[in-house]
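Understanding the architecture of this molecule
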Amino acid sequence: MTPAVIQLAAEAAERQSAEVTEVGARVAWVVGLVVFIAFVYWLMRQGWKWRGALQNGLPELPTTPDGLPAHRLALTGRYHGSTTAEQWLDRIVAHGLGVRSRVELTLTDAGLDVVRPGAGDFFVPAAQLRGARLDKGIAGKVLTEGGLLVVTWAHGDKLIDSGFRSDRAAEHAAWVEAINLMNPSITTEGAER
């Protein structure tokens with residue numbers, strides 16, 4: 001071997017076996033990054049709590065009455081959240097309405113029973129149901145066109161849109177029709193937005 005080849009081999013070996021320098025600087029960067037991520041998470045949590053405080057004027061959610069009549073429709077799926085009606089990005093977080101969860105929906109002549117394992121259940125009396133439609137999104141969740149069942153209901157002096165997705169999305173059209181038929185002032189024309 002020539003001296004030039006030996007020198008190149010020695011330089012390559014030296015580059016590969018070089019020790020890590022400035023460990024303290026690298027540790028400081030990692031710690032700084034972790035602190036920054038924790039701070040951003042804390043800010044998000046504070047924003048969620050602040051939004052809940054702004055919405056604390058919303059009355060308590062009604063609970064399911066005893067002795068519900070036979071159900072018209074039932075489904076299992078996901079609850080994706082509630083927003084102010086017609087404002088799909090204005091999430092409502094008061095009383096647990098912002099918590100996503102599994103859901104078991106039951107529609108009866110008395111109203112809509114929303115059972116959410118791991119989150120608060122609530123009941124929407126038939127007189128408060130304002131209509132239903134198929135949509136593609138609600139705060140933080142966007143699906144294909146018509147992939148979301150959105151039920152509009154009155155609570156206190158506020159109109160609320162709640163988004164649900166059935167495990168069998170073909171059921172959505174029957175739900176829109178049944179809920180809209182419960183309110184004679186609603187027609188199914190324009191139920192899809």
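For the structure, check the block above.
Read on for an overview of the structure. Here the structure is a predicted model, which means the values were calculated and not measured. (Residues numbered from 1 in each chain as written. Predicted model: local features only at pLDDT ≥ 70, side-chain atom pairs only at ≥ 80, totals over all residues. Heavy atoms only, no water.)

1. A word on the overall build of the chain
Put simply, the rule is: Every helix listed is a DSSP run of H or I at least four residues long, and every strand listed is a run of E at least two residues long, numbered separately from the N terminus. Summary of the burial criterion: residues with accessible area below 20% of their type's maximum are buried, those above 50% are exposed, and those between are partly exposed, where the area comes from a 1.4 Å probe applied to protein chains only. Surface accessibility in these figures is a Shrake-Rupley result with a 1.4 Å probe; residues are shielded only by whichever protein chains are displayed.
On a plain count of helices and strands, the chain comes out with 3 helices and 10 strands. Going from the N terminus to the C terminus, the chain shows its helices and strands as α-α-β-β-β-β-β-β-β-β-β-β-α. For the chain, the proportion of its 193 residues judged to be buried stands at 35%. Per element, the accessible surface of the chain, about 11700 Å² overall, is 60% carbon and sulfur.

2. Quick word on the pairing of strand 3 (residues 101-108)
To keep things clear, this is the line we draw: For two strands to be treated as a pair, DSSP must find at least two bridges joining them.
Bridge count between strand 1 (residues 71-84) and strand 3: 8 bridges; the pairing is antiparallel. Across the sheet, Arg78 pairs through a bridge with Arg102, a residue of strand 3.

3. Some details on the pattern of salt bridges
Applicable threshold: Salt-bridge detection follows one rule: a side-chain nitrogen of Lys or Arg within 4 Å of a carboxyl oxygen of Asp or Glu.
On inspection of all chains with the given rule, the structure shows 6 salt bridges. Across the salt bridge formed by Arg102 and Asp167, the nearest N and O atoms sit 2.9 Å from each other. Taken together, the residues span a long stretch of sequence, with Arg102 in strand 3 and Asp167 in the loop between strand 10 (158-166) and helix 3 (172-182) at a distance of 65 residues. With a relative accessible area of 36%, Arg102 lands in the partly exposed category. Through salt bridges with shared partners, a single network forms among Glu86, Arg133, Asp135 and Asp161.

4. Side note on the nonpolar core
Applied cut-off: By nonpolar core is meant a set of buried Ala, Val, Leu, Ile, Met, Phe, Trp, Tyr and Cys residues that side-chain atoms within 4.5 Å join together. The contact criterion used is simple: two residues touch if any of their non-hydrogen atoms lie within 4.5 Å.
Formed by 27 residues in total, the largest nonpolar core has its most connected members in Leu105, Leu112, Leu149 and Val151. Listed by contribution, the elements that provide at least two residues to this core are strand 1, strand 3, strand 4 (111-115), strand 5 (122-125), strand 6 (129-135), strand 9 (148-155), strand 10 and helix 3. It is helix 3 that provides the largest number of residues to this core, a total of 5 residues. Here Leu105 is in contact with Leu73, Ala74, Leu75, Leu112, Asp113, Val114, Leu149, Phe164 and Trp175, once residues within four sequence places are set aside.

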